[in-house]
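# Understanding the architecture of this molecule
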Amino acid sequence: MIRIENIRKQFGDTVVLDDINMELKEGNIYGFVGRNGSGKTMLMKCICGFVLPTSGTIFVNNKIVGKEIDIPDDIGIIIENPGFLPNYSGFKNLQLLAMIQNKIGKKEIKQAIQMVGLDPDSKKHVGKYSLGMRQRLGLAQALMENPKILLLDEPMNGLDNEGVEEIRSLLLKLKKEGKLIIIASHTKEDIRLLCDQVFYMDHGKIIQIERKSA
């Protein structure tokens, strides 16, 4: 579902991604691992069309990102801190975002909010949410249109231990449903428990690939 061929991204003389190649298939969870500045987040931004590579090609569902499609349709994204309107409820925020594509209604939004462990009927403004609640709402936003592909940058950020367990279980359930999930995480336990294949990155290069043994 995602094929990346010879991707390079540079800003002036600074190379951020250097000759990245990979093929990612549905029904799997892939991990991007590396310290800050290794290229993980930039690669995610290129996959979802937020940033165009300097050279190389990214195919999502056999369409070239940046040429045949700007942003892939069937993709849910958390990259960096989710941005919400602080003076609206979680439901109202997602309702406004859903109007962009106009694919779903109140029922699907409420189901997504419930799926991540929040109350869809709460009137509490997002500005009063904890970091963990904002992260859960970000996950609900990524999931609400039932995309086939999920790109999640540090999806456990701000969650307590119980929340981490809940979201891990949710991601494994979504994998069984056939979704292609990419996570970037600094947490070794997330990677160990969730990922079928892990790409270790440093200075914009893939330095190691690790597959989970059957």
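What comes next concerns the included structure. Keep in mind the model is a prediction, meaning the values are calculated, not measured. Sequence order as written defines the numbering, with residues in each chain counted from 1. pLDDT decides what is reported in this predicted model: residues at 70 or higher carry local features, side-chain atom pairs at 80 or more are listed and counted, and totals for whole chains, interfaces and linings draw on all residues regardless. No hydrogens and no water enter the side-chain calculation; it runs on all heavy atoms of the structure.

### Considerations on unusual backbone geometry
- Even without a glycine there, the phi angle at Asp-19 is positive, about 60 degrees.
- With a phi close to 50 degrees, Asn-61 is a non-glycine residue in the positive phi region.
- Its place among the elements puts Asn-61 in the loop between strand S4 (55-60) and strand S5 (63-64).
- Three exposure classes are used, based on accessible area relative to the maximum for each residue type with a 1.4 Å probe and protein chains only: buried under 20%, partly exposed in between, and exposed over 50%. Among the residues examined, Asn-61 registers a relative accessible area of 35% and is labelled partly exposed. Numbering of helices and strands starts at the N terminus; helices are DSSP runs of H or I of at least 4 residues and strands are runs of E of at least 2.

### Points about the packing of aromatic side chains
- A pair of aromatic rings is counted whenever rings of Phe, Tyr or Trp (Trp by its six-membered ring) have centres within 6.5 Å, and the orientation is called stacked for planes under 30 degrees apart, edge-to-face for over 60 and tilted otherwise. Within the structure shown, the criterion is met by two aromatic pairs.
- For the ring pair Phe-32 and Phe-199, a centre distance of 6.1 Å and an interplane angle of 75 degrees mean the geometry is edge-to-face. Of this pair, Phe-32 sits in strand S3 (residues 29-33) while Phe-199 sits in strand S9 (residues 197-202), and the two are 167 residues apart along the sequence. In this pair, the class of Phe-32 matches that of Phe-199, namely buried.
- A connected cluster of aromatic rings, assembled from ring pairs, spans Tyr-30, Phe-32 and Phe-199.
- Geometrically, a charge over a ring is one whose NZ (Lys) or CZ (Arg) sits within 6 Å of the ring centre while staying within 35 degrees of the ring normal. Over the face of the ring belonging to Phe-59 we find Arg-3, whose NZ or CZ atom lies 4.1 Å from the ring centre.
- Sitting over the face of the ring of Phe-91, Lys-110 holds its NZ or CZ atom 5.7 Å from the ring centroid.

### Comments concerning the layout of surface pockets
- A volume near 500 Å³ is recorded for the largest pocket.
- Any residue with an atom within 4 Å of a point lines the site, the site being either a cavity, points on a 1 Å grid over the protein atoms alone where a 1.4 Å probe fits but cannot get out, or a pocket, an open set with protein on both sides within 12 Å along at least 5 of 7 lines. Lining the largest pocket are 22 residues, with Ile-75, Gly-76, Ile-77, Gln-141 and Glu-145 positioned closest to its centre.
- Contributions of two or more residues to the lining of the largest pocket are made by strand S6 (75-78), helix H2 (90-101) and helix H4 (131-143).
- Ranked by residues supplied to the lining of the largest pocket, first place goes to S6 with four residues.
- The classification used treats Ala, Val, Leu, Ile, Met, Phe, Trp, Tyr, Cys and Pro as nonpolar, Asp, Glu, Lys and Arg as charged, and all other residues, Gly among them, as polar. Of the residues belonging to the lining of the largest pocket, the class tally is 13 nonpolar, five polar and four charged.
- Around the second largest pocket sit 16 residues that line it, and Lys-188, Ile-191, Arg-192, Tyr-200 and Glu-210 are the ones nearest its centre.
- Elements with a minimum of two residues in the lining of the second largest pocket: helix H6 (188-194), S9 and strand S10 (205-211).
- Its residues assigned to classes, the lining of the second largest pocket shows five nonpolar, five polar and six charged. Grid points are joined across faces, edges and corners, and a volume is the space filled by probe spheres set on the points.

### Topic: the pattern of salt bridges
- Salt bridges, as used here, are contacts in which a Lys or Arg side-chain nitrogen is within 4 Å of a carboxyl oxygen on Asp or Glu. Scanning the entire structure with this criterion turns up 11 salt bridges.
- Arg-35 is paired through a salt bridge with Asp-202; the nearest N and O atoms lie 3.2 Å apart. Linking Arg-35 in the loop between S3 and helix H1 (40-47) with Asp-202 in strand S9, this pair joins segments that are 167 residues apart in sequence.
- Overall, Arg-35 belongs to the exposed group, its relative accessible area being 51%.
- Of the residues examined, Asp-202 reaches a relative accessible area of 22% and is grouped as partly exposed.
- A salt bridge links Glu-165 to Arg-168; its shortest N-O distance comes to 3.2 Å. Taken as a pair, Glu-165 and Arg-168 lie in helix H5 (residues 161-176) at a separation of three residues, close to a single helical turn.

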